[in-house]
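# Examination of the molecular architecture
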Amino acid sequence: MANPFENIQEKPETAKSLIGVSYEQLQDLVIQAEEHEKQKREEKEKTKKRINAKGGGRPPKLSIAEQVCLCLFYLKHAVTFEVLGLLFNVSQTTANDQFHYWLDFLHNLLPASLFEEMEKRGEDMATFRKELEQYRLLVDSTEQDIERPSAQGMERKYYSGKKKSHTVKSSIIALPKGEDLVDVTTGHCGPESDISLFREQKKKFGDNQQFDGDKAYVGEDNMKIPHKKPRNGELTEAQKEENKLFSSSRIFIEHVMRRIKIPRITQGRFPLKLSCYEKVMKTVCGLVRLSLGSFKLSIFNKEEILLSQPT
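Residues numbered from 1 in each chain as written. Predicted model: local features only at pLDDT ≥ 70, side-chain atom pairs only at ≥ 80, totals over all residues. Heavy atoms only, no water.

## With respect to the overall build of the protein chain
Regarding its fold elements, the protein chain presents 12 helices and 6 strands. Dimensions of the protein chain, computed from the C-alpha atoms along their principal axes, are close to 80 × 45 × 40 Å. Expressed as a percentage of its 311 residues, the buried residues of the protein chain come to 44%. Within the protein chain, residue pairs in contact and separated by at least 24 positions form 64% of the contacts whose partners lie at least 6 positions apart. Of the roughly 17,500 Å² that the protein chain leaves accessible, carbon and sulfur atoms contribute 48%. For the protein chain, the distance from the average position of its 50 positive side-chain charges to the average position of its 46 negative side-chain charges is 4 Å. (Helix = DSSP H or I, 4+ residues; strand = E, 2+ residues; numbered from the N terminus. Buried < 20%, exposed > 50% of the residue type's maximum accessible area, 1.4 Å probe, protein only. Contact = heavy atoms within 4.5 Å. Areas by Shrake-Rupley, 256 points an atom, 1.4 Å probe, with all protein chains shown as cover. Lys, Arg positive; Asp, Glu negative; His and termini not counted. Charge placed at Lys NZ, Arg CZ, Asp CG, Glu CD.)

Put into structure tokens, the structure is as follows:
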């Protein structure tokens, strides 16, 4: 049975459905991964006291391209590591080790948001915040089930009465029309309210920054929300029309959330340890940004960030 990487090599058009990125984007990731491994080997050689001849030892079963593909395949389908090992013809332990190794790599390579990207580049954040103030940014949150925590005191901390299960929550801020992710905060306890998460997030922004949110953010400064139907009353026709127009502009954050929820790893109950959640979620957000075309890996750290014109 051909492993997923071999299938993608034979039919490049299947890459998107199998690993969540296009064949061209996979090639870019592999180039970055090979460069990363080359640099690691060179650093290791500088301090290594060699006994055996260079090139000795057992060669890895999987090429770097296959290892990166294995990591992406797990994020997309969240199969068990036993099944993952069978698909790539390696042991369950090797599959687990390779996934976590390349997850670290992808997490560091793919910034989850514009804020992370700017910080990595060492750009002037004050100027960037000022530039953002010409936009009305879109805000929303998402919640995901986790296994019931076994540690004492953690069960109650993560129990969401709304969802009737143990959950973790993430908050996303995006550009108008969902063209890019501006900020991502994740791994928060399920019972924490959306507005509490947002109040921490907005500290990163300028005082004049405007946002569009849903009714979960009622009462928040600089936040536009839809008109709420009064108790024992009805909205006016003008208010209904305003809500309709507001929803048509805010629907783009829902499209962003849909993209984040496409991989199986972010659907249903999170299958890994809770300590991995933030890294996995931010890696998925980085892959979403890659699919949106927010940056190109081959010229990453060399291009200027270009925001769309405000609408």
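On we go from here.
## Overview of the pairing of strand 3 (residues 165–174)
Within strand 3, 10 of the 10 residues are buried, which leaves it mostly tucked inside the rest of the structure. Judged by which residues are buried, strand 3 turns out to be covered on both faces: Ser165, Thr167, Lys169, Ser171 and Ile173 on one side and His166, Val168, Ser170, Ile172 and Ala174 on the other are all buried. As paired strands, strand 1 (residues 136–145) and strand 3 are joined by 8 bridges and run antiparallel to one another. When the bridges of strand 3 are listed, Gln144 appears paired with Val168. Examined bridge by bridge, strand 2 (residues 159–160) and strand 3 share 2 bridges and lie antiparallel to one another. What sits directly across from Tyr159, in strand 3, is His166. Once strand 2 ends, the chain turns through 4 residues before running back antiparallel as strand 3, passing Lys164 with a positive phi of about 60°. Note: strand 3 against strand 4 (residues 181–189), 6 bridges, orientation antiparallel. (Pairing = 2+ DSSP bridges.)

## Observations regarding the nonpolar core
Formed by 61 residues in total, the largest nonpolar core has its most connected members in Ile19 and Phe88. Among the elements that line this core, the one with the most residues is helix 4 (residues 64–77), at 10 residues. With sequence-adjacent residues up to four places away left out, Phe88 is seen in contact with Asn3, Pro4, Phe5, Leu62, Glu66, Cys69, Leu70 and Phe73. By size, the runner-up hydrophobic cluster in this structure holds 17 residues, among which are Leu132, Ile173, Phe211 and Tyr217. (Core = buried A, V, L, I, M, F, W, Y, C linked by side-chain atoms within 4.5 Å.)

## Some points on helix 3 (residues 23–47)
Its 25 residues give helix 3 an end-to-end C-alpha distance of 37 Å, which sits within 8% of 36 Å, the value for a rise of 1.5 Å per residue. Those residues of helix 3 that are buried are in contact with helix 1 (4–10), helix 2 (15–19), helix 4, helix 6 (92–109) and helix 12 (277–292). (Expected span 1.5 Å × (residues − 1).)

## Some words on the packing of aromatic side chains
The description of an aromatic ring pair uses the distance of the two centres, along with the angle that the planes make with each other. Enumeration according to the criterion identifies 12 aromatic pairs in this entry. Between Phe198 and Phe211, the ring centres sit 4.8 Å apart and the planes meet at 85°, which makes this aromatic pair edge-to-face. In this pair, Phe198 sits in helix 10 (residues 194–201) while Phe211 sits in strand 5 (residues 210–212), placing the two residues 13 residues apart along the sequence. Taken together through their ring pairs, the aromatic side chains of Phe115, Phe128, Phe198, Phe205, Phe211 and Tyr217 make up a single cluster. (Phe/Tyr/Trp six-rings, centres within 6.5 Å; stacked < 30°, edge-to-face > 60°.)

## Points about the side chain of Asp194
Considering the arrangement of structural elements, one finds Asp194 in helix 10. Residue classification places Asp194 among the buried residues on the basis of a relative accessible area of 14%. There is a polar contact of 2.9 Å between the side chain of Asp194 and the side chain of Ser141. Among all residues touching Asp194, those that are not within four sequence positions of it are Ser141, Lys169, Ala216 and Tyr217. (Polar contact = N/O pair within 3.5 Å; in protein donor to acceptor, adjacent residues only side chain to side chain.)

## Section: the confidence of the model for the protein chain
Here the protein chain averages 88 in pLDDT, while 92% of its residues score no lower than 70. Here residues 298–311 scores under 50 on pLDDT; set against residues more than four positions off or in separate chains, the count is 26 contacts. (pLDDT = per-residue confidence, 0-100.)

## What about the packing of helix 7 (residues 114–121) against helix 8 (residues 125–132)?
Between helix 7 and helix 8, the least distance of the axes is 11 Å, while the angle of their chain directions is 150°. Accordingly, the angle class assigned to the pair helix 7 and helix 8 is roughly antiparallel. Helix-helix and strand crossings are classified by hand; for helix 7 and helix 8 the assignment is right-handed. Residues Leu114, Phe115, Met118 and Glu119 of helix 7 form the contact with helix 8, whose own contacting residues are Met125, Phe128, Arg129 and Leu132. (Axes fitted to C-alpha atoms, helices over the stretch in contact; angles between N-to-C directions. Parallel < 35°, antiparallel > 145°, perpendicular 65-115°, else oblique. Left-handed = near helix turned anticlockwise from the far one by under 90°.)

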